[in-house]
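Chain by chain, the residues run as shown.
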Amino acid sequence: MIGKLNINKSTPLDSLGDMFGIFFEDINHAADGGLYAEMVQNRSFEYAPIDNPVYHFLYAWEKVEHAGCKVELTIEETDPFHKNNPNYLVMSVTGSGKGAGIKNLGYNSGFAVEKGCNYKFTCYARNDRKTPVTLTVTLEGDNGAIYGVQQIDVFKSAWQKYEGELTADKTDYSARLVLALPKEASIALDFVSLFPEKTFLSRSNGLRADIAQFLMDMKPRFMRFPGGCVTHDGSLNDQDRDSMYRWKNTIGLVEERPVKRSNWMYNQSLGLGYFEYFQFCEDIGAKPLPVLPAGYDPHHQRMVPIDELGPWIQDALDLIEFANGDNTTRWGEIRTKLGHSEPFGLEYIGIGNEEVGEPFFERYPYFHKAIKKKYPDIKIINTSGPNAAGSEFERGWKCAREQGSDLVDEHYYQAPEWFIANHYRYDEYSPEDPKVFLGEYATWGNTWYNALVEASYMIGLERNARVIGLACYAPMFANVDYVNWRPNLIWFDNHRVFGTPNYYVQKLFMNHQGTCRLDIKAEGLESQPITAEAITGQILLQGYESKCKFTQVKIKNDDTGEEILLGDFVVEEGDEPMFAAVTNWENYTLNCIAEEITGEKGFQIYFGWKDKENHFRWTIGGWQNYDMFLAHRVDGRNSDLSQGLFRVEKGRGYELSLRVKGRYITAAVDDEEHLMIEDKQVITQPLYYAASIDEEDGSVIIKVVNLKQDDVSLEITINGAAGRMNGRVFEMAYQPEEENSLDHPENVVPIEGEISIYGNRFSFTFQPMSLTILRLTDEKKI
Ligand code: AHR
């Protein structure tokens, strides 16, 4: 026995509220080609190069010509069935053979159809000729084998919706949907759609049941949507194809919703829109948490003039009414007409997604005031940008404090080591401030090590429930064949889905969150003091997508005063970083004058360089030449330590000064300090632990993470418990590099067992590299 854990069951502490939830963004084809069950890709012939340079109106469609017949495919827009979907296909067959048509290739390897399952087909069609035409719709194998067929007579010269059902007589994950006409026929076609009959909860325009079930199984307390960058990337005109995500465009008849260019280089059908999001949240018992744009696109520096913000603010107010208003309100009535008369019970709204720059903070207060005036109980979420520290981060928090925001959205993706080193980050936050919404976070990776480190961090989140309101891992989904971003929580193709180790950690924390934190104290688990490792190694210079000149480069030992002149350097654009010096000093300053000669961005100074995958970096003129940041790369994984705004002007010399003292780094330009940060030393604690109570069933929940390679045995005392307690144990203990995949989806999963204790004291051994959750309930309550 090396230690003890003492839990006090009698006096619950902070409420855990809605702490652990999920983040949905249509990234990596999370919606179209993912959760949204539509099987046809480019169903309304709207794919265009604005979405992706390789797209065209017939993307994912191909001709099918049987012997003796030819098909001509033209995209027209003179008389669409709805103005929001301007393109439609005119398909004309010539020749005397067995007809011709088109096939849709679906997503991934094609249409995943299963023997005996039904599929709902719809399309809009118009027949401009006098004689009726039979459209033959088939599900086919790649070799032309027919699995299901439906014939539809298209006779009207006006647009008409046609529906049919296809039953597959074979399982094939690479099938095609074929629409064919007989010889010498022609029709106009649009909005060609195929859904499996078995969607999640059998909803029409529904979700893929297998993927949705993964989310339901997590029991998230909330779901944030629709992003992410997709929220604010786009033009200011809601009628534009390229518009920001405007919720009103995403409700109503699905075929009348305009499609949209996505920030992630594809096309969003918006078939999964705000009504569906709210409905899904309700279905899985998660509180909805929509995030709206604030009339500012930080990616392209587009901003609505302040005196034209009215409609944007009205969108936010209308959304709240849409979610919560009764049938007598305009938007409540619209919701009722869409099939949901009861309110959706919206409690949270986010304004802005990780906005960077003053224009957001000029606009946010107008939203805040208007929302609070009309809906004082709605909790408003402000944002602190995409970094864990720095001037933009501070600006977000300052604005939130001044405005009285209820929560602040923090985002960071970092190396596992950063998460270990920053385990106590929130212990220093003030309960007087707005609460934290940790709205996007992840370590870089989907191995068990990543997941376990995240679990240790989540223990810190739970411990700090007094300052943390909400937290969700991001991103949630990736289709394996359309990856914009990794890691992700859940991966899938067109018929399979698997959870990463990170998913199972999130799921365990959600399934066993509890309602209130319990006091938990350890004895004998003190960590050994560690001497902080100094930031020593090589110093290298590089242009950041530019050709640069570094002159008067010198390094000074701030302990001894010794100074070494390193000389002048010119680094061509695209060159590897150029060696300037190596130092084992622990307290030093590097000075130089840097000038961008050609290029678009700025410069980079590497320091503490061990190798390509392990070093520190100061980037000046990063991210669209809009900011500067300090980063630490460990084993090939980056952590952004601090960030601020900065633009490099070509042809101008900047006096750069980088001071390193122990693990403190200060970066100054022209004598002005821009970034100051401590890169915290990684200290792995002997154990990470938290306890909570679920007041619904009286369970005491103990979560323990062992990040070390040795097991740890503890004596655990639950003060306030008496008699027999029974319960379950969930353990995950794996080798650090283990992961899940489509072929091995359950390589890393929780193992469930039973536990029974008598009295209030018991012993337990926590395995190396493990997460353990003990859930204990008084026998009489079971
Ligand atoms: O989660 C992926 C992206 O990371 C989100 O779209 C954005 O908010 C963040 O930069």
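Anything mentioned here points back to the structure above.
Visitor: An account of the overall build of the protein is requested, with residue identities and associated values reported.
Guide: Looking only at helices and strands, the protein has nine helices and 45 strands in total. For the protein, whose C-alpha radius of gyration is 29 Å, the value lies close to the compact-globule estimate of 28 Å for 782 residues. With the principal axes as the frame, the protein shows a C-alpha extent of 95 × 80 × 55 Å. In the protein, of all internal contacts separated by at least 6 residues, the share reaching a separation of at least 24 is 73%.

Visitor: Kindly report on the pattern of salt bridges, identifying the contributing residues and their values.
Guide: Going through the model one piece at a time under the given rule, you end up with 52 salt bridges. A salt bridge links Lys9 to Asp778; the nearest nitrogen and oxygen atoms lie 3.2 Å apart. On the criterion of sequence distance, the pair formed by Lys9 in the loop between strand E1 (3-8) and strand E2 (20-23) and Asp778 in strand E45 (residues 770-778) is long-range, its members being 769 residues apart. Residue Lys9 is classed as buried on the basis of its relative accessible area, which comes to 12%. Asp778 gets classed as buried once you look at its relative accessible area, which sits at 9%. Notably, a salt bridge pairs Asp210 with Arg208, separated by 2.9 Å at the nearest N-O pair.

Visitor: Now, about the pairing of strand E32 (residues 587-611): what can you tell me, with residues and values included?
Guide: Remark: a regular strand shows side chains that alternate across the two faces of the sheet. Relative to E32, strand E29 (residues 537-557) runs antiparallel, the two being bridged by 16 bridges. The partner of Lys547 across the bridge, within E32, is Thr598. Pairing geometry for E32 and strand E36 (residues 653-661), over nine bridges, is antiparallel. Its bridge partner being in E36, Ile593 is matched across the sheet by Glu655. Examined bridge by bridge, E32 and strand E33 (residues 614-622) share six bridges and lie antiparallel to one another. Pairing of Phe603 across the sheet is with Ile620, part of E33.

Visitor: Describe in detail the packing of helix H8 (residues 448-463) against helix H9 (residues 501-511), supporting the description with residues and values.
Guide: In the contact formed by H8 and H9, the axes pass within 8 Å of each other and the chain directions differ by 25°. Between H8 and H9, the crossing angle belongs to the class labelled roughly parallel. Considering the relative orientation of H8 and H9, their crossing is right-handed. Between H8, through Trp448, Asn450, Ala451, Glu454, Ala455, Met458, Ile459 and Glu462, and H9, the contact on the second element is made entirely by Pro501, Asn502, Val505, Gln506 and Phe509. Taken together, the residues of the contact of H8 with H9 sort by class into eight nonpolar, three polar and two charged.

Visitor: Describe unusual backbone geometry, and please don't skip the residues or the numbers.
Guide: Glycine aside, negative phi is the norm for most residues, and most peptide bonds take the trans geometry. Ala474 connects to Pro475 through a cis peptide bond whose omega is -15°. At Asp635, a residue that is not glycine, the phi angle is positive and equals roughly 50°. The class for Asp635 is exposed, based on a relative accessible area of 51%.

Visitor: Give me the lowdown on the environment of Arg363, citing residues and values where you can.
Guide: Here Arg363 shows up in helix H5 (residues 358-374). For Arg363 and Arg659, which are 296 residues apart along the polypeptide, the C-alpha to C-alpha distance reads 36 Å. A polar contact is formed between the side chain of Arg363 and the side chain of Glu362, at a distance of 3.3 Å.

Visitor: An account of the sheet that holds strand E41 (residues 712-719) is needed here, citing residue identities and associated values.
Guide: By definition, the strands of a sheet pair up through backbone hydrogen bonds, in either a parallel or an antiparallel sense. Spatial strand order, E43-E42-E45-E40-E39-E28-E1-E41-E44: nine strands in an open sheet with mixed pairing. Looking along the sheet, the strands with just one partner apiece sit at the ends: strand E43 (751-758) and strand E44 (761-766). Across this sheet, the average inter-strand angle for adjacent strands is 25°, counted without regard to direction. With three bridges connecting them, strand E28 (residues 516-523) and strand E39 (residues 688-694) associate as antiparallel partners. Paired with Arg517 across the two strands is Ser692, which belongs to E39.

Visitor: So what's going on with the site of the ligand? Which residues, and what values?
Guide: The full set of residues close to the ligand is Glu25, Ile27, Gly228, Cys229, Trp264, Asn353, Glu354, Tyr413, Glu440, Pro475 and Trp485. A distance of 2.7 Å is found between an oxygen atom of the ligand and a side-chain nitrogen or oxygen belonging to Tyr413. Within the complex, 94% of the 280 Å² of free accessible area of the ligand lies under protein. Partitioned by chemical class, the residues of the shell around the ligand number six nonpolar, two polar and three charged.

Visitor: Would you mind going over the packing of aromatic side chains in detail, with residue names and values included?
Guide: Counted according to the given criterion, the structure contains 55 aromatic pairs. Both rings, one in Tyr88 and one in Trp159, keep their centres 5.1 Å apart while their planes meet at 80°; by these two values the pair is edge-to-face. Note that Tyr88 is positioned in strand E5 (residues 88-95) and Trp159 in the loop between strand E10 (146-154) and strand E11 (160-167), a separation of 71 residues in sequence. The burial state of Tyr88 is the same as that of Trp159; both residues are buried. In this structure, Arg246 packs its charged tip against the face of Trp312, placed 3.6 Å from the ring centre. Across the ring face of Tyr348, the terminal group of Lys379 is positioned such that the distance to the ring centre comes to 5.2 Å.

Quick notes on the rules
Residues numbered from 1 in each chain as written. Predicted model: local features only at pLDDT ≥ 70, side-chain atom pairs only at ≥ 80, totals over all residues. Heavy atoms only, no water. Helix = DSSP H or I, 4+ residues; strand = E, 2+ residues; numbered from the N terminus. Rg over C-alpha atoms; globule rule 2.2 N^0.38 Å. Contact = heavy atoms within 4.5 Å. Salt bridge = Lys/Arg side-chain N within 4 Å of Asp/Glu carboxyl O. Buried < 20%, exposed > 50% of the residue type's maximum accessible area, 1.4 Å probe, protein only. Pairing = 2+ DSSP bridges. Axes fitted to C-alpha atoms, helices over the stretch in contact; angles between N-to-C directions. Parallel < 35°, antiparallel > 145°, perpendicular 65-115°, else oblique. Left-handed = near helix turned anticlockwise from the far one by under 90°. Nonpolar A, V, L, I, M, F, W, Y, C, P; charged D, E, K, R; others polar. Polar contact = N/O pair within 3.5 Å; in protein donor to acceptor, adjacent residues only side chain to side chain. Near = heavy atom within 4 Å. Areas by Shrake-Rupley, 256 points an atom, 1.4 Å probe, with all protein chains shown as cover. Phe/Tyr/Trp six-rings, centres within 6.5 Å; stacked < 30°, edge-to-face > 60°. Lys NZ or Arg CZ within 6 Å of the ring centre and 35° of its normal.

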